[in-house]
Amino acid sequence: MGITGRRHQEIYDVIGIGFGPSNMSLAIALEEHEASAPQQPLRYHFFERQPTFGWHRNMLLPSTTMQISFLKDLATFRNPLSRFSFISFLHSSNRLVQFVNNQDFFPTRQEFHQYLEWAAAGLSDRVTYGTEVVSIRPGTEGGALTPDLLEIEVRDGDGTTSVVITRNVVISTGLVPRLPEGVTAGERVWHSSQFLSKFHARDPRELKRVAVVGAGQSAAEITRFFYDSLPHAEVSAVIPSYGYSVADDTPFANQVFDPGAVDEYYYGTDRARDAFWRYHRNTNYSVVDTDVIRALYQRSYDEQVRGTQRLHFRNLTRVVEVGSTGEGTRVVLRSLLDDRTEDLAVDALVFATGYDGVDPARLLGDGFDAHFERDAAGRHRVERDYRLVSSSGLTCGVYLQGGTEHSHGLTSSLLSNMAVRSGEIADSIVLGRTGRELDRTHSVEEASSAA
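Residues numbered from 1 in each chain as written. Predicted model: local features only at pLDDT ≥ 70, side-chain atom pairs only at ≥ 80, totals over all residues. Heavy atoms only, no water.

**Focus on the pattern of salt bridges**
So, point 1. Counting across every chain of the model gives 30 salt bridges.
So, point 2. For the salt bridge of D339 with R334, the shortest nitrogen-to-oxygen distance reads 3.4 Å.
So, point 3. By relative accessible area, which is 31% here, R334 ends up partly exposed.
So, point 4. Among the ionic pairs, D369 bridges to R374, the shortest N-O distance being 2.9 Å. (Salt bridge = Lys/Arg side-chain N within 4 Å of Asp/Glu carboxyl O. Buried < 20%, exposed > 50% of the residue type's maximum accessible area, 1.4 Å probe, protein only.)

What follows is the structure, given as structure tokens:
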């Protein structure tokens, strides 16, 4: 492991939980701070549960593109000169000229994943893969609670656990796939997060009837993929709305993803925050890019011209029951148009029904979580720098990358503001650190003996 033998000796300035794009961006911000201020070295490390880096691998469908500009990468909006920019990746891959000639702001998802892998390789000494953080608890010295230290319990792949001591922790554990109540993933029932691995594990010839549930980008992309990859199959799109809705990516609407919009949301009135969601949910939630909508409609229209149909759109329809048959899956659908039900037999059923955030209380535990304030709705109160608000005078920092939509708005868990958000967290940690007593020993044993 990356820090074996030092866990019980060294006090870290930052421990990051998870190493997806957000915490990768934070690692870059911290590295670049060190480069600009070598007299203030930082001790930081990240733990990632996956055995290697991977980001939505099961949705790297052919020809699918990013929904954000390549300039909204890991670093550019914070530091345009960063060696970890997408432009630097293209240059190192000898594709910069060709990318420019392509005249497209939106790289394919496959190429952006290559960029993230390239960046992760450049940060490999800062992360330990195949490890899971199982708990966060307040630090202790001589049996007494220390307000400025945290103990991070880490479980290795072989099941052994150990403890890392840190002043700050940044939680970026991603999202949890959401399935409708009563539905369980299985051999023929998949969440979109499993899609490609599940699809490639099956013989395509056995997939004669497939269905996709959802109204967002992933649902539409999987529907198109099924239709193009399985020319023999009946493909059903089960859509809770009356057809797909277009994502608003026009310039004025897109301003909700600007870094400055975070301040407008955070410091805005309740009425202003409500307006953000009411008017601009269609920039990201349950919406589909225009080109994907047009591509699916063109396929449907071509079938009408030919007088055949294997692409079926079941609009304003809900799944009310999922069960197994002898050789497939039985789905009961209810139409909101006439309240009629329909039985549908399928060989694969994909739920592109989104994700839920992970409550940091899962890692903090009830006892430690009680040290942090919650609002009237039971949500954690979060400072502007993404730090949980302590109710008991703790000076250690617990920061969130994601799960702050209620306090910071639409960009909380999105890539759009990732570089700036990570820079703000890094600045908060660095400024907090330089404002504390810097003559404190960096050894837990020495600190304990001094006490």
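Continuing now.
**Digging into the packing of aromatic side chains**
So, point 1. By the definition in use, this model includes 27 aromatic pairs.
So, point 2. Taking 5.6 Å as the distance between ring centres and 45° as the angle between the ring planes, the aromatic pair formed by F70 and F105 counts as tilted. Here F70 is found in the loop between strand 3 (44-48) and helix 2 (86-92), whereas its partner F105 is found in the loop between helix 3 (96-102) and helix 4 (109-122), with 35 residues between them in sequence.
So, point 3. Owing to a relative accessible area of 47%, F105 belongs among the partly exposed residues under this scheme.
So, point 4. Taken together, the ring pairs in this structure connect W55, F70, F84, F86, F89, F99, F105, F112, Y115 and W118 into an aromatic cluster.
So, point 5. Taking the ring centre of Y285 as reference, the NZ or CZ of R281 above it sits at 4.8 Å.
So, point 6. Its guanidinium or amino end placed over the ring of Y227, R310 lies 3.9 Å from that ring's centre, counting from NZ or CZ. (Phe/Tyr/Trp six-rings, centres within 6.5 Å; stacked < 30°, edge-to-face > 60°. Helix = DSSP H or I, 4+ residues; strand = E, 2+ residues; numbered from the N terminus. Lys NZ or Arg CZ within 6 Å of the ring centre and 35° of its normal.)

**Quick word on the pairing of strand 6 (residues 144-155)**
So, point 1. Alignment of strand 5 (residues 132-141) against strand 6, held across nine bridges, turns out to be antiparallel. Note that in strand 6 the partner of P138 across the bridge is L150.
So, point 2. The loop that links strand 5 with its antiparallel partner strand 6 comprises two residues; one of these, G142, has a positive phi angle of about 60°.
So, point 3. One ladder, built from six bridges, connects strand 6 with strand 7 (residues 161-166); its direction is antiparallel. Counted as the bridge partner of R155 is T161 from strand 7.
So, point 4. Counting the residues that bridge the hairpin from strand 6 to strand 7 gives five residues, and of these G159 lies at a positive phi of roughly 95°. (Pairing = 2+ DSSP bridges.)

**Regarding the confidence of the model for the protein**
Keep in mind that low pLDDT regions are not for reading the predicted coordinates in detail.
So, point 1. The predicted model of the protein has a mean per-residue pLDDT of 91, with 94% of residues at 70 or higher.
So, point 2. Per-residue pLDDT stays below 50 along residues 434-451; that stretch engages in 27 contacts with residues further than four places along the chain or on separate chains. (pLDDT = per-residue confidence, 0-100. Contact = heavy atoms within 4.5 Å.)

**Some remarks on the side chain of N23**
So, point 1. Its location among the elements puts N23 in helix 1 (residues 21-36).
So, point 2. By relative accessible area, which is 0% here, N23 ends up buried.
So, point 3. Discounting chain neighbours no more than four positions away, the residues touching N23 are G16, I17, G18, F46, V170, S172 and Q401.

**Side note on unusual backbone geometry**
So, point 1. The backbone of H56 sits at a positive phi, close to 45°, despite the residue not being glycine.
So, point 2. Residue placement: H56 occurs in the loop between strand 3 and helix 2.
So, point 3. Its relative accessible area of 43% is what places H56 among the partly exposed residues.
So, point 4. With phi around 55°, S286 is a residue other than glycine that occupies positive phi space.
So, point 5. Structurally, the position occupied by S286 is in the loop between helix 8 (270-280) and helix 9 (290-306).
So, point 6. The exposed category is assigned to S286, whose relative accessible area is 53%.

**Side note on the packing of helix 7 (residues 259-266) against helix 8**
So, point 1. Their axes nearest at 8 Å, the elements helix 7 and helix 8 cross at an angle of 130°. Judged by the inter-axis angle, helix 7 sits oblique to helix 8. Touching A261, E264, Y265 and Y266 of helix 7 are R273, F276 and W277, all from helix 8.
So, point 2. By residue class, the composition of the contact of helix 7 with helix 8 is five nonpolar, no polar and two charged. (Axes fitted to C-alpha atoms, helices over the stretch in contact; angles between N-to-C directions. Parallel < 35°, antiparallel > 145°, perpendicular 65-115°, else oblique. Nonpolar A, V, L, I, M, F, W, Y, C, P; charged D, E, K, R; others polar.)

**Remarks on the pairing of strand 8 (residues 168-171)**
So, point 1. The alternating pattern of strand 8 places N168 and V170 on one face and V169 and I171 on the opposite face, and all of these are buried.
So, point 2. Sheet topology note: the strand 2 (residues 14-17)/strand 8 ladder contains three bridges and is parallel. Following the sheet pairing, G16 is matched in strand 8 by V170.
So, point 3. Bridge analysis of strand 8 against strand 19 (residues 397-400) gives four bridges, and the strand direction is parallel. Following the sheet pairing, V169 is matched in strand 19 by V398.

**Overview of the sheet that holds strand 16 (residues 341-346)**
Sheets are built from strands paired through backbone hydrogen bonds, the pairs being either parallel or antiparallel.
So, point 1. Strand order in the open sheet made by the three strands is 14-15-16, with antiparallel pairing throughout. Either end of the sheet is taken by a strand with one partner, and the two such strands are strand 14 (317-324) and strand 16. Averaged over all neighbouring strand pairs, the angle between strand axes comes to 25°, with direction disregarded.
So, point 2. With seven bridges joining them, strand 14 and strand 15 (residues 329-335) adopt antiparallel strand pairing. Residue pairing across strands places E321 opposite V332, the latter belonging to strand 15.

**Considerations on the sheet that holds strand 2**
So, point 1. On the basis of which strands lie adjacent, the open sheet formed by five strands has the order 4-3-2-8-19 and parallel pairing. Single-partner strands in this sheet number two, and they are strand 4 (127-129) and strand 19. Across the sheet, the mean angle from the axis of one strand to that of its neighbour is 15°, orientation sign disregarded.

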